[in-house]
Amino acid sequence: MSTAQTWQDILAVPRERLNLAEAALVIARDAYPLLDTTAYLARIDDLAAVLKQRLPADIAGAEKLARLIHYLFTELAFTGNSEDYYDPRNSFLNDVIDRKLGIPITLSVLLIEVGRRLGLTMSGVSFPGHFLVKCALRDGAVIIDAYAKGATLGIKDLQKRLRALSGGVDVAPEAVMRLLNAAAPADIIARMLRNLVAIYRERGGRGGRDDRARALTLVNQVIDLCPQAADDYRTRARLLEELECFRAALADYEMVESLTPDAADASAVRSKIAVLRERVSRLN
C-alpha cells in the first residue's frame, strides 16, 4: 500500500490509481498537520482484519456484505452526525474513525475501504443530494446508504429521494440507473473538499478570516484535481475578493469566462472582470 504523505504525492499518482483512503487522510492534514496517515490506514486494515477472521472462507458475497454492514454500523456503531452535520470533523476521515461520526461521503469512504479489504467490489456513487455506495455482487448491485447505518436501497427508494429533491417530479427507473455509475476516487475526494470549502466559507462569512483562508487552501486542492471546473474558479475568485487579493481574483474570473462563455451568469462575470481590472489598474 502506498504511503504518500503530502498533497503533491497524491497529485503525482495517476487518477485511476489514486488511493481513496489515503487521499482522504491527506486532505485532513490541513487541519491536522502532524496527522500520521500511515497509522490511520493501518487502523482501516485492522477493522477489516478483525471481521475477516470471523468470516467463513466460503461465505457468499451478499452475506459478507451483510456482515460488514452489521459490523460497522451496529457492532462498532458508526453513525451519521445528524446533530451537528456541518462540523468540519465529519469530513475528516481520521475524525470519523476516532469519533465514529460522519456525513454520507466520509462514512461511505470508510465502508468502501473496509469492504475492498474483504474482497468486495465497492464504489462510491455521487447520487444527487446524498452520497451512496454500490457493491457489485453476483446477482446484481446493491446500493447502500452509509449515513443511514448501512440501509440498502431499491429503485423505488431512490425514486422517492429524487422526487423529494425535484419538488415532486417523478423520475423513471432508467433515469435512476444512469445516476448510479461509480464515481472515480479523484471525484470523491473533490466532493469531500467542496463540502469542506462550503463549511469554511459559511463560517468565514460570519467573520472568520482564518476560515476563509482555510477554504482557499481547500479550493486550491479541488482545482488541482479538477482544473476545468468553472464553478471552483468562481468559488476561489469570491474568496480571493473577500481576502482582498484582487489580481488573483481577476485571473480566476477570466478563467471562468474562458471556460463557460455562455453560462447564465456570463454577463455578471464580465461586469466583475471590468470592475476588477479597473481596481487592479489603480493598484499599479
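In this text, all values refer to a predicted model and were calculated from it rather than measured experimentally.

**Structural notes on the overall build of the chain**
Consideration 1: A count of helical and extended segments in the chain gives 13 helices and six strands.
Consideration 2: A compact globule built from 284 residues would reach a C-alpha radius of gyration of about 19 Å, and the chain, at 21 Å, matches this within 12%.
Consideration 3: By its C-alpha atoms, the chain is 75 × 50 × 35 Å across when sized along the principal axes.
Consideration 4: Looking at the 284 residues of the chain, the share that counts as buried comes to 47%.
Consideration 5: By sequence separation, contacts in the chain at least 24 residues apart represent 54% of the contacts at least 6 residues apart.
Consideration 6: Summed over all atoms, the accessible surface of the chain reaches about 14,000 Å², with 51% contributed by carbon and sulfur.

**Quick notes on the pairing of strand E4 (residues 132-137)**
Sheet faces and side chains relate simply in a regular strand, where the side chains alternate between the two faces.
Consideration 1: The buried count for E4 comes to five of six residues, which makes it a mostly enclosed element.
Consideration 2: Strand direction decides the pairing type here: strand E3 (residues 121-125) and E4, joined by five bridges, are antiparallel. Each residue of the ladder has a partner; that of Met122, found in E4, is Cys135.
Consideration 3: Taken together, E3 and the strand that follows it, E4, pair antiparallel across an intervening segment of six residues, in which Gly129 is found at a positive phi of about 80°.
Consideration 4: Of the pairings in the sheet, the one linking E4 to strand E5 (residues 140-145) comprises five bridges and is antiparallel in character. If you follow Leu137 over to E5, its bridge partner there is Gly140.

**Observations regarding the packing of aromatic side chains**
Consideration 1: Counting across every chain of the model gives three aromatic pairs.
Consideration 2: Geometrically, the ring pair formed by Tyr32 and Phe92 is edge-to-face, given 5.8 Å between the ring centres and 85° between the ring planes. With Tyr32 in the loop between helix H2 (20-27) and helix H3 (37-54) and Phe92 in the loop between strand E1 (79-80) and helix H5 (93-99), this residue pair connects regions lying 60 residues apart in the sequence.
Consideration 3: For Tyr32, a relative accessible area of 29% gives the class partly exposed.
Consideration 4: Judged by relative accessible area, Phe92 falls into the buried class, the value being 4%.
Consideration 5: With 5.7 Å between their ring centres and 75° between their planes, Tyr85 and Tyr147 make a pair best called edge-to-face. Placement of Tyr85 in the loop between E1 and H5 and of Tyr147 in the loop between E5 and strand E6 (151-153) is noted, with a sequence separation of 62 residues between them.
Consideration 6: Here the aromatic cluster, defined as three or more aromatic residues joined through ring pairs, consists of Tyr85, Tyr86 and Tyr147.

**Digging into helix H10 (residues 209-225)**
Consideration 1: Relative to the 24 Å expected for 17 residues at 1.5 Å per residue, H10 spans 25 Å between its end C-alpha atoms, a close match to the ideal helical length.
Consideration 2: Residues Asp211, Arg212, Ala215, Leu216, Leu218, Val219, Gln221, Val222, Ile223 and Leu225 constitute the buried set of H10.

**Section: unusual backbone geometry**
Keep in mind that most residues, glycine aside, have a negative phi and that most peptide bonds are trans.
Consideration 1: Positive phi is not limited to glycine here, since Lys100 has a value of about 60°.
Consideration 2: Relative to the elements of secondary structure, Lys100 occurs in the loop between H5 and strand E2 (101-102).
Consideration 3: Assessed through its relative accessible area of 31%, Lys100 is described here as partly exposed.
Consideration 4: Residues other than glycine seldom take positive phi values, yet Glu244 does so here, at roughly 65°.
Consideration 5: Note on placement: Glu244 falls in the loop between helix H11 (230-242) and helix H12 (246-259).

**Comments concerning the environment of Phe246**
Consideration 1: Inspection of the secondary structure assignment puts Phe246 in helix H12.
Consideration 2: Separated by 207 residues in sequence, Phe246 and Ala39 place their C-alpha atoms 41 Å apart.
Consideration 3: Those residues in contact with Phe246 that sit more than four places away from it in its chain are Glu241, Leu276, Arg279, Val280 and Leu283.

**Considering the environment of Val256**
Consideration 1: Note that Val256 resides in helix H12.
Consideration 2: Spatially, the C-alpha atoms of Val256 and Ala136 are 38 Å apart, while their sequence positions differ by 120 residues.
Consideration 3: With residues near it in sequence (within four places) discarded, Val256 still touches Ala230, Tyr233, Arg234 and Val269.

Cut-off values and rules
Residues numbered from 1 in each chain as written. Predicted model: local features only at pLDDT ≥ 70, side-chain atom pairs only at ≥ 80, totals over all residues. Heavy atoms only, no water. Helix = DSSP H or I, 4+ residues; strand = E, 2+ residues; numbered from the N terminus. Rg over C-alpha atoms; globule rule 2.2 N^0.38 Å. Buried < 20%, exposed > 50% of the residue type's maximum accessible area, 1.4 Å probe, protein only. Contact = heavy atoms within 4.5 Å. Areas by Shrake-Rupley, 256 points an atom, 1.4 Å probe, with all protein chains shown as cover. Pairing = 2+ DSSP bridges. Phe/Tyr/Trp six-rings, centres within 6.5 Å; stacked < 30°, edge-to-face > 60°. Expected span 1.5 Å × (residues − 1).

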